[in-house]
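One letter stands for each residue in the lines below.
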Amino acid sequence: MNSPRIALIHATPLAIEPVNAVFRSEWPEAQCVNLLEDSLTTDLQRLGMGPAIMGRMMDLASYQHRQGADAILFTCSAFGPAIDAVKAALPIPVLKPNEAMFDEALAMANAQGPESCLGLLTTFVPSSVSMREELQTAIADRGLTLTVAGACAQAAMGHLLAGDAQTHDRLILDAAAQLPSCAVYLLGQFSMARAQAQVAQQVGRPVLTSPGSAVSALRRQLPTARTPRA
């Protein structure tokens with residue numbers, strides 16, 4: 001018997017360490033396989049979400065499925081429609097970067113009252129748009145009346161890519177300060193997880209991260225061990 005094989009598909013190298021760190025801490029038995037295609041983010045900005053991007057995402061996921069993945073976790077939040085297509089096509093669990101975090105946040109906020117607010121923080125504009133739409137759809141599908149307040153620290157990701165993590169974190173804190181008081185705050189990019197403790201200290205409310213919620217959700221869905229495929 002072998003541990004579950006989890007395929008992690010990344011569009012930026014910044015997402016790799018945050019999610020692997022959570023696996024090491026919370027689910028060390030899992031076998032993580034990292035696949036990076038770092039031209040996807042710039043090509044999405046250039047081409048938009050069309051057949052070319054959709055096809056490439058399907059190719060990446062199908063490859064990982066053929067290599068024996070028991071589940072796939074995408075770590076870039078700007079590719080929602082493409083991931084939906086992958087989920088419909090493959091017979092294994094496929095998780096969007098933020099869907100587990102959204103589920104957790106909605107339960108927490110609704111428990112505090114139907115008029116509660118969710119604070120959505122991001123560092124990538126395309127993700128800001130798609131994530132807010134996904135979150136509002138999830139709220140409507142559940143018949144809830146929660147509101148969403150969002151802020152994007154647009155320059156933060158560039159600083160992190162340049163090795164300036166301190167400025168990255170400070171810009172996220174500045175963005176959090178723009179939001180009204182919320183029941184729970186969500187850090188939209190995997191690369192933002194490093195700022196969780198600082199944001200929580202500033203806002204005094206629960207702060208969720210995409211990798212933290214995603215790893216917990218996958219662990220609940222999959223057994224600790226699996227039978228190797230023939």
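Given the structure is predicted, the values throughout are model-derived calculations rather than measurements.

Visitor: I keep staring at the pairing of strand S6 (residues 147-152) and nothing clicks. Help me out?
Guide: Every regular strand shows the same layout, with side chains that alternate between the two sheet faces. Here strand S5 (residues 117-122) pairs with S6 via six bridges, running parallel. Residue pairing for S6: Thr122 is matched across the bridge by Cys152. A crossover connection joins S5 to the parallel S6 through helix H6 (residues 125-141); in handedness this β-α-β unit is right-handed.

Visitor: I would appreciate a short explanation of the sheet that holds strand S4 (residues 94-95) in the present structure.
Guide: Across a sheet, paired strands are connected by hydrogen bonds in the backbone, their directions being either parallel or antiparallel. Taken together, four strands build an open sheet; the order of strands is S2-S1-S3-S4 and the sheet is parallel. Of all strands in the sheet, those with a lone pairing partner are strand S2 (31-36) and S4, marking the two edges. Relative to S2, strand S1 (residues 5-10) runs parallel, the two sharing six bridges. Opposite Leu8, over in S2, you have Asn34 as the bridge partner.

Visitor: Which parts of the structure should I look at to understand the packing of helix H5 (residues 99-111) against H6?
Guide: Taken N-terminus to C-terminus, the directions of H5 and H6 make an angle of 50 degrees; their axes are 11 Å apart at the nearest point. Comparing the axis directions of H5 and H6 gives the class oblique. Crossing angle aside, the handedness with which H5 passes H6 is right-handed. Every residue of H6 that contacts H5 at Met101, Phe102 and Leu106 is listed here: Met131, Glu134, Leu135, Ala138 and Ile139.

Visitor: I tried to follow the nonpolar core on my own but got confused; where do I start?
Guide: Grouped burial of nonpolar side chains is what soluble globular proteins tend to show. Judged by nonpolar contacts, the single largest core of 26 residues is most densely connected at Met57, Ile72, Phe74 and Phe79. When contributions to this core are tallied by element, the ones reaching two or more residues are S1, helix H2 (40-47), helix H3 (51-66), strand S3 (71-74), helix H4 (80-89) and helix H7 (156-161). Broken down by element, this core gets its largest block of residues, four residues, from H3. In contact with Phe79, not counting residues within four places along its chain, are Ala11, Leu40, Thr41, Leu44, Met49, Ile53 and Met57.

Visitor: I keep staring at the environment of Gln31 and nothing clicks. Help me out?
Guide: The topology assignment puts Gln31 in strand S2. Polar side-chain contacts of Gln31 include one of 3.5 Å to the backbone oxygen of Ser3.

Visitor: Is there a simple way to explain the pattern of salt bridges in this structure?
Guide: Side chains bearing opposite charge may pair, as long as their charged atoms lie close to each other. Within the structure shown, the criterion is met by 10 salt bridges. Note that Lys96 is salt-bridged to Asp84, the shortest N-O span being 2.9 Å. Here Lys96, found in the loop between S4 and H5, pairs with Asp84, found in helix H4; they are 12 residues apart in sequence, far enough to count as distant. Lys96 gets classed as buried once you look at its relative accessible area, which sits at 11%. Here Asp174 makes a salt bridge to Arg170, at a shortest N to O gap of 3.3 Å.

Visitor: Would you explain the sheet that holds strand S8 (residues 207-209) in this entry?
Guide: In spatial order, the strands read S6-S5-S7-S8; together these four strands make up an open sheet with parallel pairing. Each end of this open sheet is capped by a strand with a single partner; those strands are S6 and S8. Going across the sheet, the axis of each strand differs from the next one's by a mean of 25 degrees, ignoring polarity. Its contacts with the sheet place H5 against S5, strand S7 (184-187) and S8, and it is angled at close to 170 degrees to S7.

Basis of the calculations
- Residues numbered from 1 in each chain as written.
- Predicted model: local features only at pLDDT ≥ 70, side-chain atom pairs only at ≥ 80, totals over all residues.
- Heavy atoms only, no water.
- Pairing = 2+ DSSP bridges.
- Helix = DSSP H or I, 4+ residues; strand = E, 2+ residues; numbered from the N terminus.
- Right-handed = clockwise from strand over helix to strand, strands pointing away.
- Axes fitted to C-alpha atoms, helices over the stretch in contact; angles between N-to-C directions.
- Parallel < 35°, antiparallel > 145°, perpendicular 65-115°, else oblique.
- Left-handed = near helix turned anticlockwise from the far one by under 90°.
- Contact = heavy atoms within 4.5 Å.
- Core = buried A, V, L, I, M, F, W, Y, C linked by side-chain atoms within 4.5 Å.
- Buried < 20%, exposed > 50% of the residue type's maximum accessible area, 1.4 Å probe, protein only.
- Polar contact = N/O pair within 3.5 Å; in protein donor to acceptor, adjacent residues only side chain to side chain.
- Salt bridge = Lys/Arg side-chain N within 4 Å of Asp/Glu carboxyl O.

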